[in-house]
Amino acid sequence: MSRGAFIILEGIDRTGKSTQSAKLIESLRKLNINAERMAFPNRTSNTGQLISKYLSNKDYHINDQTIHLLFSANRWENLDFIRSKLFAGTSIIVDRYSYSGVAYSVAKGLDFMWCLQPEVGLPQPDLVFLLDINPEDSRLRSGFGSERYENLQMQKNVSTILRQFAEIENYWKIVDASKSIEDVHEILLKHSNEIINDIQIDKRPLTSI
Ligand code: NYM
Ligand code: MG
């Protein structure tokens, strides 16, 4: 049996990642493809509860380096889960990954290489979708502004950094997230289906960041 695909949805806040990952799972399952959804930060674990408190309570102080490492630890906690699912043939669709980790911290002023280092060794995605939207538009979407980082300057900085990842790496696909939910879904489903099939055919190994 071949492994599942490891697929990430990235983007600034309020681009529709949660909506799209839920729809993608639903459609893949209808095609009889085993698929599960994850999201980072995973707010339920010990690190996740600290992260959630930090995001929702702007008076709860954790220094920039420490919160960065907590976000990373929150991914490492799930290493065994991710590997076991993929090797059991289940594809995983993830809301945010190491790239959000790097982009939000670099946007605050931390050093890029320092930020990337704790991600090294985590499973390498097969495909990353960048749900791309003008930060001037996403901030008008409902719910924007409720958590830390949800301000225009921060979103603009993060958007620029995520686009740089997308332009350098060929396993990234930039998707225009200002399109309708159905149009975005169609693009995501097509590319996800393709990568899942490709992995079955060429039996490519799971590598590391
Ligand atoms: N975020 C998310 C980070 O700063 N670093 C990370 O490693 C990850 C995964 O957390 N504004 C930020 C981006 C978001 C916030 O994520 C919460 P979400 O997807 O809005 O729940
Ligand atoms: Mg958010």
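Model, not experiment: these values are computed from the prediction. (Residues numbered from 1 in each chain as written. Chains lettered and ligands numbered in written order. Predicted model: local features only at pLDDT ≥ 70, side-chain atom pairs only at ≥ 80, totals over all residues.)

1. Quick word on the overall build of the protein chain
Piece 1. A tally of regular secondary structure across the protein chain gives nine helices and five strands.
Piece 2. Counting helices and strands in the order they occur from the N terminus, the protein chain gives β-α-β-α-α-α-β-α-α-β-α-α-β-α.
Piece 3. Dimensions of the protein chain, computed from C-alpha atoms along their principal axes, come out at roughly 50 × 35 × 30 Å.
Piece 4. Residues classed as buried in the protein chain amount to 35% of the 209 residues present. (Helix = DSSP H or I, 4+ residues; strand = E, 2+ residues; numbered from the N terminus. Buried ≥ 20, exposed ≤ 12 C-beta atoms within 10 Å, placed from the backbone.)

2. Considering the confidence of the model for the protein chain
Piece 1. Confidence along the protein chain averages 96 in pLDDT terms, with 100% of residues attaining 70 or more.
Piece 2. Note on the complex model: pTM 0.97, ipTM 0.98. (pLDDT = per-residue confidence, 0-100.)

3. Some details on the site of ligand 1
Piece 1. As a matter of local geometry, ligand 1 sits amid Asp13, Phe40, Pro41, Leu55, Phe71, Asp95, Arg96, Ser100, Gly101, Tyr104, Glu147 and Tyr149.
Piece 2. Here the shell around ligand 1 is built from residues that sort into six nonpolar, two polar and four charged. (Near = placed C-beta within 6 Å. Nonpolar A, V, L, I, M, F, W, Y, C, P; charged D, E, K, R; others polar.)

4. Examining the nonpolar core
Piece 1. The biggest cluster of nonpolar side chains holds 39 residues, and the ones touching the most others in it are Ala103 and Phe129.
Piece 2. Listing elements by their share of this core, those giving two or more residues are strand S1 (6-10), helix H1 (17-30), helix H4 (79-87), strand S3 (91-95), helix H5 (98-108), strand S4 (127-132), helix H8 (152-168) and helix H9 (181-202).
Piece 3. In terms of residue count, the dominant contributor to this core is H5 (six residues). (Core = buried A, V, L, I, M, F, W, Y, C linked by C-beta atoms within 7 Å.)

5. A look at the environment of Gly16
Piece 1. By the secondary structure assignment, Gly16 is in the loop between S1 and H1.
Piece 2. It is 9.9 Å that separates the C-alpha atoms of Gly16 and Ile133, two residues lying 117 residues apart in sequence.
Piece 3. In this structure Gly16 touches Leu131, Ala177, Ile181 and Val184, once residues within four positions along its chain are discounted. (Contact = placed C-beta atoms within 7 Å.)

6. A short note on the pairing of S3
Piece 1. Burial of S3 is extensive: five of the five residues sit out of reach of the surface.
Piece 2. Of the two faces of S3, both are covered, the one formed by Ser91, Ile93 and Asp95 as well as the one formed by Ile92 and Val94.
Piece 3. With four bridges connecting them, S1 and S3 associate as parallel partners. Each bridged residue has a counterpart across the sheet, and for Leu9 the counterpart in S3 is Asp95.
Piece 4. As paired elements, strand S2 (residues 35-39) and S3 share five bridges and run parallel to each other. Pairing of Arg37 across the sheet is with Ile93, part of S3. (Pairing = 2+ DSSP bridges.)

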